[in-house]
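The chain contents come next:
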Amino acid sequence: MKKHAIIPIFIPHLGCPCRCVFCNQQKITARTKAVSTDEVRETVDRYLSTLEELDPGEIEIAFYGGSFTAIPIEMQTAYLKVANEYIEQGQVSSLHISTRPDCIDDEILSNLRHYNVSTIELGVQSFSDEVLMLSKRGHNSDTARKAATLIKERGFKLGIQLMIGLPGDSLERCIYSANETVELAPELARLYPTLVIDGTELYDMYESGSYVALSKEEALLRTKEMYKILHAAGINIMRVGLKSTDIIGGSDLSAINGGTYHPAFRQLVEGEIAYETLKEQLDALMEQISDKVVSDRQNPSDTSNSRYKVDLFSNPQSFSNMIGNCGINKERFSVEYPNFDIKYRTDASLERDIYIAELK
């Protein structure tokens, strides 16, 4: 699998025209002021010193954390000039920014193109207008569609970020957002279950009871269904959930309220999908031997064929998803299929996220 490295530059809450109910960028990025161009250089140089084994074509610089194209054009250009120097010197391959859908127009895109930005991620969050309104996003879903279309037309790679469980959200609205994302054909996507962070309006709503945070189980269900839709469409799902290192270096997890957060949320989602895929196949194998199982149960003294050997296969890179986070899938299968003696194996010829159950 080809390696790819992103050098992240965080610019917290710069240029945003409004404050969404869920937003506390200082808590997420541990920064309270804009980075200087010197800090951009220092960050890039520090990362490059650890990426010497990678080809420059595998490295990109990304501006995250705020709404990049909402900041003054002079500041955008200052950041881009510094980052573009590394492209001109052949040290990195491209630039990558994230921004709001209502901060995209032809002039902005021309400037980004001039400085070799190749990927633009839009913080769409939801395609439900009610969810956007209740979250105080300051734009509607048509704004996101128009921005995404313009980005694609101008030849940029498009990314779409979606949040799960915002005020007014539901499983149906999450699935709708995933399907609308597929219609826009982005190259990449991110899925973020909503976290209730200290210092946000959402936290106040949570404390007053006007907002109920997702349970881990409901967050898993909704994210899983969205993941399946995006994955089936061939969209690269770059991130599922925040990592602990995204939140003040992992040192202030107490700022998160409710039970949604999990440090390995992506594995929970991918492990649940692996479980569903294999369960369907195991149920089919049970159908094949159902008559024999019934016969064995009616004659307890005959135990010669009471158990059946089954091999479950995955690509080596998908093995941890096959067995599940903390081995949960192994535990469930052992309880649900007592007649199967299951062995977990790898097969490098299988593609990632493909799982096979075989009766021996």
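Located above this text is the structure these notes cover.
Residues numbered from 1 in each chain as written. Predicted model: local features only at pLDDT ≥ 70, side-chain atom pairs only at ≥ 80, totals over all residues. Heavy atoms only, no water.

Caption draft 1: Broad picture of the side chain of Asn 321. With respect to the element layout, Asn 321 can be found in helix α11 (residues 319-323). The residues contacting Asn 321, other than those within four sequence positions of it, are Gln 267, Glu 270, Gly 271, Ala 274, Asn 329, Asp 353 and Tyr 355. (Helix = DSSP H or I, 4+ residues; strand = E, 2+ residues; numbered from the N terminus. Contact = heavy atoms within 4.5 Å.)

Caption draft 2: Focus on the pattern of salt bridges. One pass over the full model with this rule turns up 21 salt bridges. Residues Asp 102 and Arg 100 are paired through a salt bridge, measuring 2.9 Å at the closest nitrogen-oxygen approach. In this structure Arg 100 comes out as buried when scored by relative accessible area, which is 2%. Of the charged contacts in the structure, one is a salt bridge between Asp 283 and Lys 279, with a shortest N-O distance of 4.0 Å. With Asp 283 and Lys 279 both in helix α10 (residues 265-298) and 4 residues apart, this pair spans about one turn of that helix. (Salt bridge = Lys/Arg side-chain N within 4 Å of Asp/Glu carboxyl O. Buried < 20%, exposed > 50% of the residue type's maximum accessible area, 1.4 Å probe, protein only.)

Caption draft 3: Representation of the sheet that holds strand β11 (residues 340-346) in the model. The strand order β11-β10-β12 describes an open sheet built from 3 strands, whose pairing is mixed. Edge positions in the open sheet fall to β11 and β12 (355-359), since each of these has one partner strand only. Averaged over all pairs of adjacent strands, the angle between their axes in this sheet comes to 20°, without regard to strand direction. (Pairing = 2+ DSSP bridges. Axes fitted to C-alpha atoms, helices over the stretch in contact; angles between N-to-C directions.)

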